[in-house]
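Report on the structure
Below, each chain spelled out in residue letters.
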Number of protein chains: 2
Amino acid sequence: MPVSKQVYLFGTSATDGRAELVDLLGGKGANLAEMALMGLPVPPGFTITTEVCNAYYDNGRTLPDSLRADVEAALLEIGAKAGRRFGDKDNPLLVSVRSGSRASMPGMMDTILDLGLNDETVVGLARHADDERFAYDSYRRFIQMYSDVVLGVDHGLFEDILENFKNLNGLSLDTDLSADHWKEIVDEFKEAVTTELDEPFPQDTGAQLWGAIGAVFGSWDNARAKIYRRLHNIPDDWGTAVNVQAMVFGNMGETSATGVAFTRNPSTGEKAIFGEYLINAQGEDVVAGIRTPQPLAKTDPDAVDQSETLMSNEGTSLQEAMPHAFEELARVFEMLERHYRDMQDIEFTIERGHLWMLQTRAGKRTVEAGLKIAIDMANEGVLSRPEALLRIDPAGLDHLLHPTIDPDATKDLLTRGLPASPGAASGEIVLTADAAEEANAQGRSVILVRSETSPEDIHGMHAAVGILTARGGMTSHAAVVARGMGRPCVSGASALRIDLAAQTLIIGHETFKAGDIITIDGGTGEVIRGRVPMRQPELSGAFGTLMEWADAYRRLGVRANADTPRDAQQARDFGAEGIGLCRTEHMFFEVERILAVREMILASTEQGRRAALQKLLPMQRDDFIKLFEIMAGKPVTIRLLDPPLHEFLPHQVHEQEAVAKELGIDVTAIRRRVVELSEVNPMLGFRGCRIAILYPEIVEMQSRAIFEAALEAGRRSGQPVTPEVMLPLVIDRQEFDLVAAVIRDTAADVAREQGASVDFQIGTMVEFPRAVLKAGEIAAGENGAAFFSFGTNDLTQTTMGLSRDDAAPILASYSAHGIFAADPFITIDLEGVGELIKIGVERGRKVKNDLKIGICGEHGGDPKSVRFCHETGLTYVSCSPFRVPIARLAAAQAVLLEEMQT
Amino acid sequence: MPVSKQVYLFGTSATDGRAELVDLLGGKGANLAEMALMGLPVPPGFTITTEVCNAYYDNGRTLPDSLRADVEAALLEIGAKAGRRFGDKDNPLLVSVRSGSRASMPGMMDTILDLGLNDETVVGLARHADDERFAYDSYRRFIQMYSDVVLGVDHGLFEDILENFKNLNGLSLDTDLSADHWKEIVDEFKEAVTTELDEPFPQDTGAQLWGAIGAVFGSWDNARAKIYRRLHNIPDDWGTAVNVQAMVFGNMGETSATGVAFTRNPSTGEKAIFGEYLINAQGEDVVAGIRTPQPLAKTDPDAVDQSETLMSNEGTSLQEAMPHAFEELARVFEMLERHYRDMQDIEFTIERGHLWMLQTRAGKRTVEAGLKIAIDMANEGVLSRPEALLRIDPAGLDHLLHPTIDPDATKDLLTRGLPASPGAASGEIVLTADAAEEANAQGRSVILVRSETSPEDIHGMHAAVGILTARGGMTSHAAVVARGMGRPCVSGASALRIDLAAQTLIIGHETFKAGDIITIDGGTGEVIRGRVPMRQPELSGAFGTLMEWADAYRRLGVRANADTPRDAQQARDFGAEGIGLCRTEHMFFEVERILAVREMILASTEQGRRAALQKLLPMQRDDFIKLFEIMAGKPVTIRLLDPPLHEFLPHQVHEQEAVAKELGIDVTAIRRRVVELSEVNPMLGFRGCRIAILYPEIVEMQSRAIFEAALEAGRRSGQPVTPEVMLPLVIDRQEFDLVAAVIRDTAADVAREQGASVDFQIGTMVEFPRAVLKAGEIAAGENGAAFFSFGTNDLTQTTMGLSRDDAAPILASYSAHGIFAADPFITIDLEGVGELIKIGVERGRKVKNDLKIGICGEHGGDPKSVRFCHETGLTYVSCSPFRVPIARLAAAQAVLLEEMQT
């Protein structure tokens, strides 16, 4: 088997890689190479490819023999560039060994710093750096990290030794320790390793390196990495690369520093350097959120909201502390943004005043920021409008549309932390990830409160509606993950103390119990007692521009599912072009109506049913008048009564007795009817047009209400209304004809009575596979269906034989086995249900080539499903009002993606 | 609009019609014409076409004007032939006016005899016949019938007058009345009509005729005709013809007679003249079953079973009474059978020694008789074998296979009647059709007991498992209808008396209450107390020949669904070529197993489940050993556990407590699990391979049982067993692969342990539309499904969105509206489900062109569905053992029908 190139150099005399090789080199390695090619200051290093990772697993966790020579040669190259030599006791080259996969998996895999130190090289390092304290501090860090990651020694052991040492010597901070202290600590650490493992800490630097490389490859398969991949749909066979890079030191005294930054504000999208740093520290110190870092840029005293320019807001800024390095950094940021045409998330180290770039990658950002950045970059001329549109994940827009805290609300502010991820949420306090998951499974909303989060907490963060931490900055684990998940997060709220044993949360002087309700505002960092009134978001600014651009590209119509005037208004505000589904039964559940509905269902004669329907008619008509007025000039699709009738009947004994009393009938009559209407599989039972066929008087009432309302609304608004009457559950042309005849007769009656007629259409839901197969017949001819609306929920249930109400445990088990790419109730099952939709469209359009076809149901607001609908030639999608903007953007992207393919 | 020919003459100087014109002339008219063409003695007459009937309804029940002249001309032709004139007072022509539709609808529509009599023509008739008594008897019959049918006067009125007259005059039988008596009766009848209608009985013979024609056309739309059409799927727009025919008289004294006959025994198929007659009577007297008629042929003293040669078994035979007429009749029968190539049901009248043929048609027969007649006629050379095979309705075979009374059973014989329709049945006594229907709806088996039945009883006959009447012969209403329906019937059991008011049945001296159990044997005429042990039918003779011929033609395989050794043996006996579906879960319900099954379901760990499965393994293995031994040399398809697990758990509190005690666990654990497993739509829930994927240990146990059993059965029988392991509910290739891997691993384990391996195949059910769509993927490659079995029940449920358990009220409503041609759970919905099956076959065979494909489920034994399966290229159908012969015949017919089309 020919061996492909296993090791790619960067920042040495040559650079082998580049950004495009991300699959082979991982994100970190590819971008380090790219930065080196750009001429940026990158410490020399090399990347071992992801192919080697796969080979490692294919061979039972064994590295290929051929790798050794390549790595040794590469080490010499790095040394040549750095002017040091790996393992050299006089002037040793130290390296970092880091993972780097194709997709960013922050904190999921292992990293080792300062590798190459042993009892001899530490002396050379001290001498060469002229800083013995730095050298032994580095050595103890290395022993601790290496022992933990490679040798499997619990890191708590080392922390205990250090803590003990400090106590014995009356020392408090790490900075209080001298070089000799660190020497003693190093001895104790080594001793502990020997005791623990029955063999000494490895002094052979080559062995150290191979141990580290193996450990990093091995960490691809650790539990938290696997969970992360599952959550983010990252295939197992992508593998990770390993980056071995010359160490540079942010901990070489007061002219050294390390920091992380975003080229724009990842929370708001504002164009401003946004980052934090620590003087005399190593990179991991910032990310771990253990010390609270200082801001890069000077505070802008004019900023309305500090969060717009600052991450941390305490301490001296880099701009003030090291103006030269700051300026160079700012220049690098500008270059990187122009080069990558995106906002970047970077890591850097300043070693004795010299800037080194350690990482660049597309920066994670809030949806809000992502939106603003894309629009701004298009306006700056960096991106085209289509590119800007494609940059935004439509699913995220949802988040923007969700409530924030009403500014007029009275808030009992408990404390304040960092505004780590925007959005507001109220919920019960839970103190562990497991508790969060458990509560979520029971349908309770919870705020996960932790001192700081770690990758082990991910499942709990997923289960929570919001996250609150006591420690950590804006780039802490909690902040990064919460933004990725779209969860509101307040981090670094230092007034918090958590007592896990007592299950209490102490905020200042007040004690809360797990289960107490709090509210967090991830946009302001506020932590508030109890629930707080929320407010609808603003839909102007970048959002408005985005929607305007999206509408200019998209061809697919977007309607909303709306049953009430409030929904309808919401839908219009969000840009819906009509109502694609008004579920009339929802109108039946209102308190003053349900009694008449029950009277109708309990009636044993047509006459009895008609009497009850007569009471419902004016209410239903009023509903429609309001809907038609709000949607004036836009189409409104009204679906006739769909759900099983027993849903309207009371099932509890005391309710049955109350209804019997109100209706003046015997309670046994109610019970008998409940039993009569109960079904083994109600999804597949007496509902939809099956009700209409047995009780045509219901159709009569509903269509009368529609037509009378259309005339009245037309008179009021001056705009004629064209209602689209939709039949549910049709699977046969005869069903359609029978019900349509009742509707047409009623329309004629109303026209005769009022001397004015309504333009209307009759169409049908396509919900069951048979409806798909018979689509041609159902649509054929002048009296056939004038439109189709795919009911993808029911179509999914029947095509897959999977009850939505019962699917959760099945889909959980299937997801664990990797069966089905996505939850079929969220994204249309393209291979199954999708094929049926295509068949239905084809057969319908064959007999009526301009047939209007939409879908309604949850899928109408899912971006992948919207793309499918566009590609399949549907006329429109209809979704919940809040998902209308998502659908509008997804529909535009569908056009752009299609154009890219052709 | 051009008027087509409205009136077709027969038996006059020319005959316009012929048998092929049955659609236009109805069965009676077409066959009268055909007999006239054959030169048989047919009284002259004419037929008004079914087109006129449709015109009559299209024009609001008005006859076309143009008809009058045609009818008048035709009447003259009849008169010319008969030597009489309609309305002539000296020598009047009398006519009968009868309905006659395309399909036989016995007794459903109206008939009028002796039309043309009035106060003047009756005198001429008396003179011409030289029989005043006959003339006035005819007149009073005519008044009664015409008043009832055309004028709407209740016929009870006339019966009361006659009864009264007899009482006043001390007379008992009709034959006791003299001509003068009848004259008085005629006067009283006319007076009654005048009182009733405020106008006299019509004396204008023309008006009489037009009234009668209108009434007969009108009777097409009466309630009982409409019910009959619905029950027999006769379209409303077929219409009826009207036959007007010269009267001949069976009531012209002792040399006259009237009778009905079958050319072969309609109960057994035996080749023998089989009929009954009444001296000096009109035809309606025989059919109505009011007087018990006499046999046509002499009793054969050697006949083992009198029913084989006799209908009635009392009185003088026609052969003895009128040997000349009998011989002529026998000659006519022979001619008719040869001509029509089928057994005929005929009506005849002998007028003063002269034979007249009034009707011939294919005779209704029992399934047994139909079978024997077809086979005999093929052996006689009258039919070819394919023709014989096509003569037999496969659905009827079911009937032959059903139990008869065990000859060794102790029977408490209550009485004996005529063996009117074969088969035995036990059930509760019910005394009205409504009670029968009600009991049937409650799932109770009933025997409908009536004095005599009438068309108003049809719904009750349908609902009953058997029919018993006190009066009427072998061609009485009860007998004819019961044979058509395949219901056992004993008629004319004269020892019966029914007291409807008291709801009692008196048999001899003993009184039974409604609800008491009796048994009837329609093959012997026995009525027996209580339930009686039944016996399986013989499958030799004509039945065996039929199956042999069918197998020679059919290409579709026929397997059986069998879960137990008993079923498997039954299946083999009925000619099944293997087991197409063994539902392993049925084995789990047996008393000694259900506890282990419950233990398995209640276990909260894999270990707990494995412990319980370990107990089930030997039992399941033993089941399979027995099945494999019985089916030695034939394929056996075993389906892995399919139903929702909650079906195995106890749902009643006391059961739950008992199980908790037996298993030594807390009852709340059981309740919790029951709740946990309960589902909204269990059909679409956690079942099938979904269970296998979550609990692979169940698959392991079941496949181990299968493979170990196959090896053991192979050792015992010396014939290697090739089990086909079938996965239920697969809709995705990944599901198939996951479960198949467990099966293959287990096979390898067993092979290793036993040092011998089993040849096996793994295939899948295709039950949900997604499985159809993914059929190609699921079958692809060496490790793909080796066979498919369409689960048409579930496929119907999901394709149509119709739960089988809940469908009854929906399908009842749909049937009333004519939606769906057949019950989709009986006959495959060809347009919907059928198309999906075709797609599945096509996709499966595209990747594996020899893919074995079957169906299992109820449809596999439905003849229409079997034909569809043949046409779609399936490999086999699998059905319940009792339906195997049906499937074998239907599969042969499918081949023959296909050949006829090409």
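Residues numbered from 1 in each chain as written. Chains lettered and ligands numbered in written order. Predicted model: local features only at pLDDT ≥ 70, side-chain atom pairs only at ≥ 80, totals over all residues. Heavy atoms only, no water.

**Things to note about the overall build of chain A**
A tally of regular secondary structure across chain A gives 35 helices and 33 strands. Projected onto its principal axes, the C-alpha coordinates of chain A cover approximately 105 × 60 × 55 Å. For chain A, the proportion of its 902 residues judged to be buried stands at 59%. Pairs at least 24 residues apart make up 69% of the contacts formed inside chain A by residues separated by at least 6 positions. Summing over all exposed atoms, chain A offers an accessible surface of approximately 35,300 Å²; the carbon and sulfur share of this is 48%. (Helix = DSSP H or I, 4+ residues; strand = E, 2+ residues; numbered from the N terminus. Buried < 20%, exposed > 50% of the residue type's maximum accessible area, 1.4 Å probe, protein only. Contact = heavy atoms within 4.5 Å. Areas by Shrake-Rupley, 256 points an atom, 1.4 Å probe, with all protein chains shown as cover.)

**Some thoughts on the packing of helix 19 (residues 541-553) of chain B against helix 34 (residues 884-901) of chain B**
Residues and elements named next belong to chain B. Axis separation between helix 19 and helix 34 bottoms out at 8 Å; the angle between their running directions is 45°. Here helix 19 lies oblique to helix 34, going by the angle between them. In terms of crossing hand, the pair formed by helix 19 and helix 34 is left-handed. Where helix 19 abuts helix 34, its residues Phe 543, Leu 546, Met 547, Ala 550, Asp 551 and Tyr 553 lie against Pro 885, Arg 888, Leu 889, Ala 892, Val 895 and Leu 896. Across the contact of helix 19 with helix 34, the residue classes break down as 10 nonpolar, no polar and two charged. (Axes fitted to C-alpha atoms, helices over the stretch in contact; angles between N-to-C directions. Parallel < 35°, antiparallel > 145°, perpendicular 65-115°, else oblique. Left-handed = near helix turned anticlockwise from the far one by under 90°. Nonpolar A, V, L, I, M, F, W, Y, C, P; charged D, E, K, R; others polar.)

**Description of empty space enclosed by the protein**
All names here are of chain A. Tallied over the entire structure, the rule returns six cavities of 30 Å³ or more. Reported here for the largest cavity is a volume of approximately 160 Å³. Surrounding the largest cavity, 21 residues form its lining, Arg 98, Thr 258, Gly 283, Thr 349 and Leu 358 being those nearest its centre. Of all elements in the fold, only strand 5 (95-101), strand 7 (240-246), strand 8 (257-262), helix 10 (283-287) and strand 11 (344-351) reach the threshold of two or more residues within the lining of the largest cavity. (1 Å grid on protein atoms, 1.4 Å probe; cavity = no way out; pocket = protein on both sides within 12 Å on 5 of 7 lines; lining within 4 Å. Points joined across faces, edges and corners; volume = space filled by probe spheres on them.)

**Topic: the packing of aromatic side chains**
Under the defined criterion, the tally for this structure stands at 26 aromatic pairs over all chains. Between Tyr 56 of chain A and Tyr 57 of chain A, the aromatic rings sit 5.1 Å apart at their centres with planes inclined by 85°, giving edge-to-face as the arrangement. You can call Tyr 56 of chain A buried: its relative accessible area is 8%. According to the relative accessible area criterion, Tyr 57 of chain A is partly exposed, its value standing at 22%. Each ring, one from Phe 707 of chain B and one from Phe 760 of chain B, has its centre 4.7 Å from the other, and the planes form 55°; the classification is tilted. Separated by 53 residues along the polypeptide, Phe 707 of chain B in helix 26 (residues 696-717) and Phe 760 of chain B in the loop between helix 27 (733-754) and strand 30 (761-766) bring together distant segments of the chain. By relative accessible area, which is 0% here, Phe 707 of chain B ends up buried. A relative accessible area of 24% places Phe 760 of chain B in the partly exposed class. Through successive ring pairs, a cluster of aromatic residues spans Tyr 56, Tyr 57 and Phe 217 of chain A. Above the plane of the ring of Trp 220 of chain A lies Arg 229 of chain A, whose end atom (NZ or CZ) is 3.9 Å from the centre. Positioned over the ring face of Tyr 876 of chain B is Arg 559 of chain B, at 4.1 Å from the centre of the ring. (Phe/Tyr/Trp six-rings, centres within 6.5 Å; stacked < 30°, edge-to-face > 60°. Lys NZ or Arg CZ within 6 Å of the ring centre and 35° of its normal.)

**Quick word on the sheet that holds strand 15 (residues 418-421) of chain B**
Residues and elements named next belong to chain B. One open sheet accounts for eight strands, arranged 14-24-23-16-17-18-19-15; its pairing is mixed. The sheet terminates laterally at strand 14 (413-416) and strand 15, the two strands that pair on one side only. Direction aside, neighbouring strands of the sheet carry axes that sit 30° apart on average. Bridging between strand 23 (residues 517-521) and strand 24 (residues 526-529) involves four bridges; their strand directions are antiparallel. Considered in strand 24, the bridge of Asp 521 is made with Glu 526. (Pairing = 2+ DSSP bridges.)

**Comments concerning the sheet that holds strand 8 of chain A**
All names here are of chain A. Taken together, the five strands give an open sheet; going across it, the order is 10-9-8-11-12, and neighbouring strands pair in antiparallel fashion. Edge positions in the open sheet fall to strand 10 (294-295) and strand 12 (354-362), since each of these has one partner strand only. With two bridges joining them, strand 9 (residues 274-279) and strand 10 adopt antiparallel strand pairing. Paired with Glu 276 across the strands is Pro 295, a residue of strand 10. Across the sheet, helix 12 (residues 323-340) touches strand 8, strand 11 and strand 12, and the angle it forms with strand 12 is around 30°.

**Structural notes on the interface of chain A and chain B**
Taken together, the contact between chain A and chain B spans 45 residues of the former and 45 residues of the latter. Three residues, Asn 681, Leu 684 and Arg 770 of chain A, lead the burial of chain A against chain B; their summed loss comes to 14% of the area buried on that side. A salt bridge links Lys 774 of chain A to Glu 831 of chain B; the nearest nitrogen and oxygen atoms lie 2.0 Å apart. When the residues that make up the side of chain A that touches chain B are grouped by side-chain class, the tally is 20 nonpolar, 12 polar and 13 charged. (Buried area = accessible area lost by both parts, 1.4 Å probe. Salt bridge = Lys/Arg side-chain N within 4 Å of Asp/Glu carboxyl O.)

**Side note on a negative patch on the surface**
Residue and element names in this part refer to chain B. Taken together, the side chains of Asp 148, Asp 154, Glu 159, Asp 160, Glu 163 and Glu 196 make up a negatively charged region of the molecular surface. Looking at the negative patch, the element that brings in the most residues is helix 6 (residues 155-168), giving three residues. In this structure, Asp 154 sits in the loop between helix 5 (132-151) and helix 6. (Patch = residues over 30% accessible without salt bridge, like charges linked within 9 Å, V, L, I, M, F, W, Y side chains within 5 Å. Lys, Arg positive; Asp, Glu negative; His and termini not counted. Charge placed at Lys NZ, Arg CZ, Asp CG, Glu CD.)

**Quick word on the environment of Asp 759 of chain A**
Residues and elements named next belong to chain A. As for its placement among the helices and strands, Asp 759 is situated in the loop between helix 28 (733-754) and strand 30 (761-766). Classification of Asp 759 as exposed rests on a relative accessible area of 60%. In sequence terms Asp 759 and Gly 541 are 218 residues apart; their C-alpha atoms lie 39 Å from each other. With residues up to four places along the chain from it excluded, the contact list for Asp 759 reads Val 721, Thr 722 and Pro 723.

**Side note on the relation of the copies chain A and chain B**
By a simple turn and slide, chain A fits onto chain B: the slide is 0.3 Å along the axis, the RMSD is 0.2 Å, and the turn is 179°. Given the turn and translation reported, the copies of this chain are related as if by a two-fold rotation axis. Across chain A, the rotation axis passes nearest the C-alpha of Asn 681 of chain A, at a separation of 2.1 Å. Looking at the interface residues of chain A, 100% of them are also at the interface in chain B, so both copies use one shared face. (Least-squares fit on C-alpha atoms with pLDDT ≥ 70 in both.)

**Looking at the nonpolar core**
If you look at the biggest cluster of nonpolar residues, it comprises 318 residues, and the most contacted ones within it are Phe 624 and Phe 628 of chain A together with Phe 624 and Phe 628 of chain B. Excluding its chain neighbours within four sequence positions, the residues that come into contact with Phe 624 of chain A are Cys 582, Thr 584, Met 587, Ile 638, Gln 702, Ala 705, Ile 706 and Ala 709 of chain A. Core analysis: the next-biggest nonpolar cluster, separate from the first, contains 69 residues, Leu 63, Leu 177, Ile 213 and Ala 246 of chain A among them. (Core = buried A, V, L, I, M, F, W, Y, C linked by side-chain atoms within 4.5 Å.)

**Digging into the pattern of salt bridges**
Overall, the coordinates contain 124 salt bridges over all chains when judged by the stated rule. Here Arg 127 of chain B and Asp 90 of chain B are joined by a salt bridge, their closest N and O atoms 3.2 Å apart. Taken together, the residues Arg 127 of chain B in helix 4 (residues 121-129) and Asp 90 of chain B in the loop between strand 3 (85-86) and strand 4 (92-93) connect sequence positions 37 residues apart. Here the salt bridges do not stand alone but share partners, grouping Asp 137, Arg 140, Arg 141, Lys 166 and Asp 174 of chain A into one network.

**Observations regarding the packing of helix 30 (residues 792-800) of chain B against helix 32 (residues 830-847) of chain B**
Residues and elements named next belong to chain B. The N-to-C vectors of helix 30 and helix 32 enclose an angle of 120°; their axes lie 10 Å apart at closest approach. Taken together, helix 30 and helix 32 sit at an angle that is classed as oblique. Where helix 30 crosses over helix 32, the two elements pack in a sense that is right-handed. Across from Thr 792, Leu 795, Thr 796 and Thr 799 in helix 30, the residues of helix 32 making contact are Gly 832, Val 833, Leu 836 and Ile 837.

**Details of unusual backbone geometry**
Residue Phe 820 of chain A is not a glycine yet carries a positive backbone phi of 70°. Note that Phe 820 of chain A resides in the loop between helix 32 (807-816) and helix 33 (830-847). Taking relative accessible area as the criterion, Phe 820 of chain A reaches 14% and is therefore assigned buried. Phi at Arg 61 of chain B takes a positive value of approximately 60°, unusual for a residue other than glycine.

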